[in-house]
Amino acid sequence: MLLLAGGRIVTPGGVLSPGWIRLAGPVIDAVGPGDAREQPAVDLRGQWVLPGFVDIHVHGGGGASFTEGTIDEARQAAAFHRGHGTTTMLASLVTAPLTELETRAAMLAELADDGTIAGLHLEGPFLSPARRGAQDPRHMIAPDVAVFERLRAAARGHLRVITLAPELPGAAKVIEAATRAGVTVAVGHTDATAEVTMAAIDAGARHATHLFNGMRPPHHREPGAVGALLDRDEVTCEVIADGVHLHDIAIRLAARAAGPGRLVLVSDAMAAAGMPDGRYQLGSMRVTVAGGVARLLEDPADPGHTGDPGQTGDPGQTGDPGRVDTAAQVGAIAGSTATLADVVRHAIAAGLPVPDAAAAASTNPARVLGRADRTGALRPGLAADLVVCDDDFRPSAVMRQGEWLAGHP
Ligand SMILES: [Zn+2]
């Protein structure tokens, strides 16, 4: 037994301040308010204790990536995020040639086998070039059940989430096949209208990939995917609340509309998270990071055409509906350089109550993964996955399944 006391413990029922938490090996044994009567206890000195973060949209970090490189580099990316409080994560792949997606899915399935990651998220290849953001339009294809089954087979049961654009021909069949297979369908990188999005939800879609980003901007007579996804209670909505991808007002509006039970905070981090400014890779796309903001450097179909990364591109702003265009969006924001801890800190600074931020960073994404019975909240019986944070919500210690990973209170 390990007793942590004198902290601000963020539980599903509210903040216990002071409160204590008792751990029995890899699981939480008990949580309670006030001072711990038993001794010895580790004194948390008023620090916050949040449930370990669950990031269901992350491509890399610490200079390494899930989207390219070796299995050891993928392990490195996972270890980087774990050290910053993300005790559970999916590995997110971006659009790429099918054979490459199959190879990478098979490789990452090994990391899921050994528990390094909780599974895979396929962000592509069934996406709309009109809302491609920083993804490679050359490899975007129409939804196809046979292709979906090939990718699912490569992931050997570890495919958890697939992002697709529901307006593309064949989408309804893939949504139904994925839903039957227990894979969560997320709507994203889409130019869909509200009506088309509603039909996709009727067919089984249950999640929004980075709401607002990579979607047509909502209009009061055509609220688009953003409006439909927020409107439907069965849909969880991701936001990249990093201070770059969304205005704080958009974060607050999404949080209020979705409510504390449906909001999901994600990092959408790429290899540059935790690294200095410079040149990085996101799948096949070259990215430049300046001032912590990652942007697409060039069009792979037209390598001579590099853009001023400061000038153009905001996923959700560019892209002409219906236009067939395979040029990359030079200057588009290309993932984030944030950890989920950074996102939680920013969301709280933007006005999210701490328990709501914890629900959005841990409890709700754990539910999306079907793991709410194992992790995602500080309550007895769940895994001893937790993050100790200082007053500014900077992690000072991380515990995963009862073991300290980084720091020690
Ligand atoms: Zn992404």
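Residues numbered from 1 in each chain as written. Predicted model: local features only at pLDDT ≥ 70, side-chain atom pairs only at ≥ 80, totals over all residues. Heavy atoms only, no water.

> Can you help me understand the sheet that holds strand S13 (residues 207–208) in this one?
Adjacent strands of a sheet form backbone hydrogen bonds with each other and so pair up, either parallel or antiparallel. Reading across the sheet, the eight strands line up as S6-S9-S10-S11-S12-S13-S14-S15 and stay open at both edges, with parallel pairing between neighbours. On the outer flanks of this sheet lie strand S6 (53–55) and strand S15 (263–265), each paired with one strand and no other. Strand direction decides the pairing type here: strand S11 (residues 159–164) and strand S12 (residues 184–187), joined by four bridges, are parallel. Bridge pairing in S12 links leucine 164 to valine 187. Relative to the sheet, helix H2 (residues 98–113) contacts strand S9 (86–94) and strand S10 (119–123), its axis offset from that of S9 by approximately 170°. Sheet strands touched by helix H8 (residues 340–349): S6, S9 and S15. Its angle to S6, the strand with the most contacts, is close to 110°. (Pairing = 2+ DSSP bridges. Helix = DSSP H or I, 4+ residues; strand = E, 2+ residues; numbered from the N terminus. Contact = heavy atoms within 4.5 Å. Axes fitted to C-alpha atoms, helices over the stretch in contact; angles between N-to-C directions.)

> I keep staring at the pattern of salt bridges and nothing clicks. Help me out?
Any two side chains of opposite charge can pair, so long as their charged atoms come close to each other. Evaluation of the coordinates by the stated rule reveals 13 salt bridges. Taking the shortest distance from any N to any O, the salt bridge between arginine 138 and aspartate 136 comes out at 2.7 Å. Its relative accessible area of 40% is what places arginine 138 among the partly exposed residues. For aspartate 136, a relative accessible area of 1% puts it in the buried group. Residue aspartate 202 is joined to arginine 232 by a salt bridge in which the shortest nitrogen-to-oxygen separation is 2.8 Å. One end of the pair, aspartate 202, is in helix H5 (residues 194–203); the other, arginine 232, is in the loop between helix H6 (224–231) and strand S14 (236–239), and 30 residues separate them in sequence. For aspartate 202, a relative accessible area of 58% gives the class exposed. (Salt bridge = Lys/Arg side-chain N within 4 Å of Asp/Glu carboxyl O. Buried < 20%, exposed > 50% of the residue type's maximum accessible area, 1.4 Å probe, protein only.)

> What should I look at first to understand helix H9 (residues 354–368) in this one?
Within an α-helix, residues lying three or four positions from one another point in the same direction, as the helix has 3.6 residues per turn. The terminal C-alpha atoms of H9, which comprises 15 residues, lie 20 Å apart, in line with the 21 Å expected from a rise of 1.5 Å per residue. Along H9, the sharpest change in direction is near 40° and occurs at alanine 360. Summarising burial for H9: 11 of the 15 residues are buried, a large majority. (Expected span 1.5 Å × (residues − 1). Bend = angle between axes of the 7 residues up to and from the residue.)

> Where do I start with the side chain of threonine 95 in this structure?
With respect to the helices and strands, threonine 95 occurs in the loop between S9 and H2. There is a polar contact of 2.6 Å between the side chain of threonine 95 and the side chain of glutamine 135. When residues no more than four places from it in sequence are discounted, the contact partners of threonine 95 are Glu123, Gly124, Pro125, Leu127, Gln135, Asp136, His139 and Met140. (Polar contact = N/O pair within 3.5 Å; in protein donor to acceptor, adjacent residues only side chain to side chain.)

> Would you mind going over the confidence of the model for the protein chain with me for this structure?
Parts of the prediction with low pLDDT should not have their coordinates interpreted in detail. Looking at the protein chain as a whole, its pLDDT mean stands at 92, while 93% of the residues score no less than 70. The model gives residues 307–324 a pLDDT under 50, and that stretch makes 39 contacts with residues more than four places away or in other chains. (pLDDT = per-residue confidence, 0-100.)

> What exactly am I supposed to notice about unusual backbone geometry here?
A negative phi angle characterises most non-glycine residues, just as the trans form characterises most peptide bonds. Across the junction of serine 17 and proline 18, the peptide omega takes the value 0°, indicating a cis bond. Looking at the secondary structure, you find proline 18 in strand S2 (residues 14–24). The linkage connecting glycine 124 with the following residue, proline 125, adopts the cis geometry, with an omega of 5°. The topology assignment puts proline 125 in the loop between S10 and helix H3 (145–154). Not every positive phi belongs to a glycine, and arginine 45 is a case in point at roughly 50°. Of note, arginine 45 is situated in the loop between strand S4 (42–43) and strand S5 (48–51). On the accessibility criterion, arginine 45 (59% relative accessible area) is exposed. Positioned with a positive phi, aspartate 268 is a non-glycine residue whose angle comes to about 50°. Checked against the element boundaries, aspartate 268 lands in the loop between S15 and strand S16 (278–282). Residue classification places aspartate 268 among the buried residues on the basis of a relative accessible area of 5%.

> Help me understand the coordination of the zinc ion in this model?
Around a metal, the ideal angle is 109.5 degrees if four donors adopt a tetrahedral arrangement and 90 or 180 degrees if six donors adopt an octahedral arrangement. Protein coordination at the zinc ion comes from His57 (NE2), His59 (NE2), Glu123 (OE) and Asp268 (OD), with a distance range of 2.0 to 2.3 Å. What the four donor atoms of the zinc ion show is an angle range of 84 to 171° at the metal, which sorts the shape as irregular. Counting gaps between the donor residues of the zinc ion yields the pattern H-x1-H-x63-E-x144-D. Taken together, the residues span a long stretch of sequence, with histidine 59 in the loop between S6 and strand S7 (60–61) and aspartate 268 in the loop between S15 and S16 at a distance of 209 residues. (Donors = N, O, S within 2.8 Å, 3.2 Å for Na, K, Ca; no water. Tetrahedral: all angles 85-135°; square planar, octahedral: opposite > 155°, others 65-115°.)

> Whenever I open this one, the environment of proline 125 confuses me. Can you help?
Residue class for proline 125 comes out buried when judged on its relative accessible area of 0%. In this structure, the C-alpha to C-alpha distance between proline 125 and threonine 163, residues 38 residues apart in sequence, is 8.4 Å.

> Can you walk me through the side chain of arginine 345 in this structure?
Tracing the chain through its elements places arginine 345 in helix H8. Residue arginine 345 is classed as buried on the basis of its relative accessible area of 17%. Residues contacting arginine 345, with those up to four places away along its chain left out, are Asp392, Phe393, Arg394 and Pro395.

> Help me understand the packing of H5 against H6, please; the structure alone is not making it clear to me.
Relative orientation and spacing of two packed helices are given, respectively, by the angle between their axes and the distance between those axes. As a packed pair, H5 and H6 sit with axes 7 Å apart at the nearest point and diverge in direction by 40°. On the basis of the axis angle, H5 is oblique to H6. Where H5 crosses over H6, the two elements pack in a sense that is right-handed. Note on element contacts: H6 touches H5 through Gly224, Ala225, Ala228, Leu229 and Asp231, opposite Ala194, Thr197, Met198 and Ile201. (Parallel < 35°, antiparallel > 145°, perpendicular 65-115°, else oblique. Left-handed = near helix turned anticlockwise from the far one by under 90°.)

> Looking at this structure, how should I read the packing of helix H1 (residues 71–83) against H2?
Closest axis-to-axis distance for the H1/H2 pair is 10 Å, and the angle between their directions is 50°. Relative to H2, the element H1 lies oblique. Both H1 and H2 take part in a crossing whose hand is right-handed. On H2, the residues touching Ile71, Ala74 and Arg75 of H1 are Met107, Leu108, Glu110 and Leu111. Classifying every residue of the contact of H1 with H2 by side-chain character gives five nonpolar, no polar and two charged. (Nonpolar A, V, L, I, M, F, W, Y, C, P; charged D, E, K, R; others polar.)

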